[in-house]
Amino acid sequence: MMNDESKKIEVPTELGDEIGGNGRVYFENVVIDNVLDALLELTATVWTHHDRVIVLEKILADKGISVSEEIEKHMPEAEEIAARAAQRDELVERVFGGFLRRPTHDLSDKV
């Protein structure tokens, strides 16, 4: 594939130096691409968790266990709080990590 300089994506200087790598390209603006990546990742993650909760509540209800009140009363211990904080940080990185990338590709790589 020939490298056509006219198809290079220009990164505005106010966005900073190159710190990322190749990422998905939807538009010619890396900021819009990063927002779209974050939105897609967040949507996929929210749905996955929502779907699992639906299944879990159905299984428990079929066994005669109502969990809504128990969830509201639950008081986590320090170990659980730390584990949940780590999981939260991983989610934040997956969702917002794309904002750190800058394009190192040209538009001919667009799929």
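Residues numbered from 1 in each chain as written. Predicted model: local features only at pLDDT ≥ 70, side-chain atom pairs only at ≥ 80, totals over all residues. Heavy atoms only, no water.

Q: Please provide a residue-by-residue account of the pattern of salt bridges, values included.
A: On inspection of all chains with the given rule, the structure shows 4 salt bridges. One salt bridge connects Glu70 with Lys73, and the closest N-O pair in it is separated by 3.6 Å. In this pair, Glu70 and Lys73 are both assigned in helix 2 (residues 68-73), 3 residues apart and thus about one turn of the helix distant. Residue Lys73 is classed as partly exposed on the basis of its relative accessible area of 49%. We note a salt bridge from Glu80 to Arg84, for which the minimum N-O separation is 3.2 Å. Here Arg84 and Glu80 lie together in helix 3 (residues 78-96), a separation of 4 residues that amounts to about one turn. On the basis of relative accessible area, Arg84 is assigned to the partly exposed category, the value being 45%. (Salt bridge = Lys/Arg side-chain N within 4 Å of Asp/Glu carboxyl O. Helix = DSSP H or I, 4+ residues; strand = E, 2+ residues; numbered from the N terminus. Buried < 20%, exposed > 50% of the residue type's maximum accessible area, 1.4 Å probe, protein only.)

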